[in-house]
Amino acid sequence: MNPGVAMPPAEADRPPNNVVLFSGHMIDAPGRTVPRFPADKEAVAAAAIARTLAEIGVTAGDVAICGGACGGDLLFAEAGLAHGMALELYIPLSEPAFLANSVDFAGADWHDRYLSAKARATLHVMPNELGPLSAGDNPYERNNRWMLDQAARFGGARMAFITLWNGEGGDGPGGTQHFMEAARRESARIYWLDTRKLWN
């Protein structure tokens, strides 16, 4: 872990009070036909995430787990760091491929914010740590399972799940709906930030 977020020795051995796992929409790509997370809703989403972390009662030394995509992931990462949480980023592809697919299309600002969060986090790159995909495996579903396993490592009672999601189904394995259903089997603390309500 980056020395800038290392915990004091007395705290390093204690389990966190809260391990918060996040999943949510990316910022819309330019020209997206049906808006899902318009760029002008960023501040609304950031405020909702910050309020939810305060509601959960996170404190320094708690753990924040998410991907690193532009939009919800990085807003959650920034909010967790602001609360003094230990940030763990999990990405399903090599870093160059992930940046191309999930960060850089939204502009240089999001690239810089990814690098800033990464500098204060522990980065986990799935192909490096778990090896190549099996035939027919979905990298995003596998990454979600990995994050969920890591979030549950201290016990389900310590785990909370936040999702920034419009409630639409049909995204299949690797999507937010599939992820939330899996999280509900591990924890009763589920916080759904419904973008259909947030954006209005």
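Residues numbered from 1 in each chain as written. Predicted model: local features only at pLDDT ≥ 70, side-chain atom pairs only at ≥ 80, totals over all residues. Heavy atoms only, no water.

Draft legend 1. Local environment of the nonpolar core. In terms of nonpolar packing, the biggest core is built from 39 residues, with Val-20, Ile-49, Leu-53, Phe-76, Leu-87 and Ile-162 touching the most fellow members. Not counting chain neighbours up to four residues away, the residues in contact with Leu-53 comprise Val-20, Val-58, Phe-76, Ala-79, Gly-80, His-83, Met-85 and Ile-162. (Core = buried A, V, L, I, M, F, W, Y, C linked by side-chain atoms within 4.5 Å. Buried < 20%, exposed > 50% of the residue type's maximum accessible area, 1.4 Å probe, protein only. Contact = heavy atoms within 4.5 Å.)

Draft legend 2. View of the packing of helix α7 (residues 139-151) against helix α8 (residues 176-184). Put simply, α7 and α8 touch, their axes get as near as 11 Å, and they point 25° apart. As far as their axial angle goes, α8 and α7 are roughly parallel. You can see that α7 and α8 cross each other, and the crossing is right-handed. On α8, the residues touching Glu-141, Asn-144, Met-147 and Leu-148 of α7 are His-178, Phe-179, Ala-182 and Ala-183. Classifying every residue of the contact of α7 with α8 gives five nonpolar, two polar and one charged. (Axes fitted to C-alpha atoms, helices over the stretch in contact; angles between N-to-C directions. Helix = DSSP H or I, 4+ residues; strand = E, 2+ residues; numbered from the N terminus. Parallel < 35°, antiparallel > 145°, perpendicular 65-115°, else oblique. Left-handed = near helix turned anticlockwise from the far one by under 90°. Nonpolar A, V, L, I, M, F, W, Y, C, P; charged D, E, K, R; others polar.)

Draft legend 3. Region of the structure containing α8. Residues of α8 that are buried: Thr-176, Phe-179, Met-180, Ala-182 and Ala-183. The buried residues of α8 occupy one face: seen down the axis, they fall within an arc of 160°. Each element contacted by the buried residues of α8 is listed here: β1 (19-24), α7, β5 (159-165) and β6 (190-194). (Arc of directions from axis to C-beta.)

Draft legend 4. Highlighting the confidence of the model for the protein. Taken over all residues, the pLDDT of the protein has a mean of 91, while the share at 70 or more is 90%. Contacts of residues 6-11 to residues separated by more than four positions or lying in other chains number two contacts, the stretch itself having pLDDT below 50. (pLDDT = per-residue confidence, 0-100.)

Draft legend 5. Examining the side chain of Asp-73 more closely. Positionally, Asp-73 belongs in helix α3 (residues 72-82). Among buried charged residues, Asp-73 stands out as having no salt bridge; its nearest opposite-charge side chain is Arg-36, 11 Å away. Among the polar contacts listed, one links the side chain of Asp-73 to the backbone nitrogen of Ala-69, at a separation of 3.2 Å. Contacts of Asp-73, omitting those with residues within four sequence positions, involve Phe-22, Gly-24, Cys-66, Gly-67 and Gly-68. (Lys, Arg positive; Asp, Glu negative; His and termini not counted. Salt bridge = Lys/Arg side-chain N within 4 Å of Asp/Glu carboxyl O. Polar contact = N/O pair within 3.5 Å; in protein donor to acceptor, adjacent residues only side chain to side chain.)

Draft legend 6. Molecular detail of the sheet that holds strand β4 (residues 121-125). Pairing is parallel in the open sheet, where six strands are placed in the order β4-β3-β2-β1-β5-β6. Single-partner strands in this sheet number two, and they are β4 and β6. Strand-to-strand, the axes of this sheet are offset by a mean angle of 20°, without reference to chain direction. Direction of pairing for β1 relative to β5: parallel, over a ladder of six bridges. Directly across from Phe-22, in β5, lies its bridge partner Ile-162. In the packing of helix α2 (residues 42-56) onto the sheet, the strands contacted are β1, β5 and β6, and the crossing angle to β6 comes to about 160°. Its contacts with the sheet place helix α5 (residues 108-119) against β3 (86-91) and β4, and it is angled at close to 105° to β4. (Pairing = 2+ DSSP bridges.)

Draft legend 7. Geometry of the packing of aromatic side chains. On inspection of all chains with the given rule, the structure shows six aromatic pairs. Here the guanidinium or amino end of Arg-113 rests over the ring plane of Trp-110, the centre of that ring lying 4.0 Å away. (Phe/Tyr/Trp six-rings, centres within 6.5 Å; stacked < 30°, edge-to-face > 60°. Lys NZ or Arg CZ within 6 Å of the ring centre and 35° of its normal.)

Draft legend 8. Examining the environment of Met-159 more closely. Mapped onto the secondary structure, Met-159 falls in strand β5. You can call Met-159 buried: its relative accessible area is 0%. Here the alpha-carbon distance between Met-159 and Met-147, two residues 12 residues apart in the chain, equals 12 Å. Residues in contact with Met-159, not counting those within four places in the same chain, are Val-19, Leu-21, Leu-148, Ala-151, Ala-152, Ala-183, Glu-186, Ser-187 and Arg-189.

Draft legend 9. Spatial organisation of the packing of α3 against α5. It is the contact of α3 with α5, at a shortest axis distance of 10 Å, that shows an interaxial angle of 40°. Accordingly, the angle class assigned to the pair α3 and α5 is oblique. For α3 against α5, the interelement crossing comes out left-handed. Contacts from Leu-74, Leu-75, Ala-77, Glu-78 and Leu-81 in α3 reach Trp-110, Arg-113, Tyr-114 and Ala-117 in α5. Residues belonging to the contact of α3 with α5 are distributed by class as follows: seven nonpolar, no polar and two charged.

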